[in-house]
Amino acid sequence: MSEGPRQQTGADTPAASPAKRVRADAQRSTDALLTAAADVFATSGVDAPVRQITAKAGVGAGTLYRHFPQRADLIAAVFRHEVDACADAAPSLMAEYGPVDALARWLQRFAGFIATKRGLSSALHSGDPAFDSLPGYFQERFVPVLSALLDAAASAGHIRSDLDLAPEDLLRAVANLTLPAAEDDDPTQQMVTLLVDGLRYGAHTPDAC
């Protein structure tokens, strides 16, 4: 009796291709550099020595320059990375909290993002073409997120729905709240709470008689 086709065992399963391993390793290096650079920029400024960033990331200088040939490339990538992290927090907040609490928590997160990126502002306004697309990216990522949060809270009756308030205006207002609190976020967080309370005032909640 002849044997049928031999089934492939775990030992015969081909390993991940070298190209995939290289891509995964490169992504890990990039992520480590962006996280390290964000921390270093926050404490030492965007002109901090490269060795501070590479030491914190656990990679060599050659790896940094391979991914980011110019410092402006790294600064722009850090900004985009941090924008993405802030924007991507919204869905999990909406899943975990009620509509108005998710809105308040995300605005607090956004205020913290703006406060910690104050050190990047001079670089972003330096005229370097590497930064030209960043204002548009900021709007592209944050405006839809805030629109969704506002719509959910208004639909639930938790905030007023009769306000002629563009998401861009609210983002600008919260960003401006961070300006007086360069070293202490507490006043900013309190002001954001008051702002959200203002959005709630006069809302028709389901519990209202």
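Structural data are supplied above this passage.
Thresholds applied
- Residues numbered from 1 in each chain as written.
- Predicted model: local features only at pLDDT ≥ 70, side-chain atom pairs only at ≥ 80, totals over all residues.
- Heavy atoms only, no water.
- Helix = DSSP H or I, 4+ residues; strand = E, 2+ residues; numbered from the N terminus.
- Areas by Shrake-Rupley, 256 points an atom, 1.4 Å probe, with all protein chains shown as cover.
- Phe/Tyr/Trp six-rings, centres within 6.5 Å; stacked < 30°, edge-to-face > 60°.
- Buried < 20%, exposed > 50% of the residue type's maximum accessible area, 1.4 Å probe, protein only.
- Lys NZ or Arg CZ within 6 Å of the ring centre and 35° of its normal.
- 1 Å grid on protein atoms, 1.4 Å probe; cavity = no way out; pocket = protein on both sides within 12 Å on 5 of 7 lines; lining within 4 Å.
- Points joined across faces, edges and corners; volume = space filled by probe spheres on them.
- Nonpolar A, V, L, I, M, F, W, Y, C, P; charged D, E, K, R; others polar.
- Core = buried A, V, L, I, M, F, W, Y, C linked by side-chain atoms within 4.5 Å.
- Contact = heavy atoms within 4.5 Å.
- Salt bridge = Lys/Arg side-chain N within 4 Å of Asp/Glu carboxyl O.
- Expected span 1.5 Å × (residues − 1).

(A) Expanded view of the overall build of the protein chain. Scanning the protein chain for helices and strands turns up nine helices and zero strands. Of the regular secondary structure in the protein chain, the N- to C-terminal order runs α-α-α-α-α-α-α-α-α. Approximately 12,300 Å² of the protein chain is accessible, and the part contributed by carbon and sulfur atoms is 53%.

(B) Representation of the packing of aromatic side chains within the structure. Within the structure shown, the criterion is met by 10 aromatic pairs. Summarising the aromatic geometry, the rings of Trp-106 and Phe-110 are spaced 5.6 Å apart at their centres and angled 15° between planes, so their arrangement reads as stacked. Here Phe-110 and Trp-106 lie together in helix α5 (residues 99-116), a separation of four residues that amounts to about one turn. On the accessibility criterion, Trp-106 (0% relative accessible area) is buried. Residue classification places Phe-110 among the buried residues on the basis of a relative accessible area of 0%. Here the aromatic rings of Phe-110 and Phe-142 are separated by 5.2 Å at their centres, their planes lie at 85°, and the arrangement is edge-to-face. Of this pair, Phe-110 sits in helix α5 while Phe-142 sits in helix α7 (residues 134-155), and the two are 32 residues apart along the sequence. Just as Phe-110 is buried, Phe-142 falls in that class too. Through successive ring pairs, a cluster of aromatic residues spans Phe-79, Trp-106, Phe-110, Phe-113, Phe-138 and Phe-142. Looking at Arg-80, its charged tip hangs above the ring of Tyr-137, at a distance of 4.4 Å from the centre. For Arg-105, the ring lying beneath its charged end belongs to Tyr-97, and the centroid distance is 3.9 Å.

(C) Structural context of the layout of surface pockets. Its boundaries defined by the atoms lining it, the largest pocket holds a volume of some 590 Å³. Taken together, 24 residues make up the lining of the largest pocket; nearest its centre are Phe-79, Ile-114, Leu-124, His-125 and Phe-138. Listed by contribution, the elements that provide at least two residues to the lining of the largest pocket are α5, α6 (121-124), α7 and α8 (167-177). In terms of residues, the lining of the largest pocket owes the most to one element, α8, which gives five residues. Looking at the lining of the largest pocket, its residues break down into 12 nonpolar, six polar and six charged.

(D) Quick peek at the nonpolar core. Residues Trp-106, Phe-110 and Phe-142 are the most contacted members of the largest nonpolar core, which totals 58 residues. Those elements that place two or more of their residues in this core are α1 (18-44), α2 (50-57), α4 (71-96), α5, α7, α8 and α9 (186-200). The element best represented in this core is α4, accounting for 12 residues. Apart from residues no more than four positions distant in its own chain, Trp-106 is found in contact with Cys-86, Ala-87, Ala-90, Leu-93, Phe-142, Val-145, Leu-146, Leu-149 and Leu-171.

(E) Representation of the pattern of salt bridges. The tally for this structure, following the rule as stated, stands at four salt bridges. Between Asp-84 and Arg-141 there is a salt bridge, with the nearest N and O atoms lying 2.9 Å from each other. With Asp-84 in helix α4 and Arg-141 in helix α7, the pair connects residues that are 57 residues apart, well separated along the chain. Between Asp-169 and Arg-172 there is a salt bridge, with the nearest N and O atoms lying 3.0 Å from each other.

(F) Structural context of α7. Between the first and last C-alpha of α7 there are 32 Å, a value that for 22 residues agrees with the 32 Å anticipated at 1.5 Å per step. One or two steps after α7, the chain reaches Gly-157, where phi turns positive at roughly 80°.

(G) Quick look at the side chain of Thr-30. As for its placement among the helices and strands, Thr-30 is situated in helix α1. By relative accessible area, Thr-30 is classed as buried at 16%.

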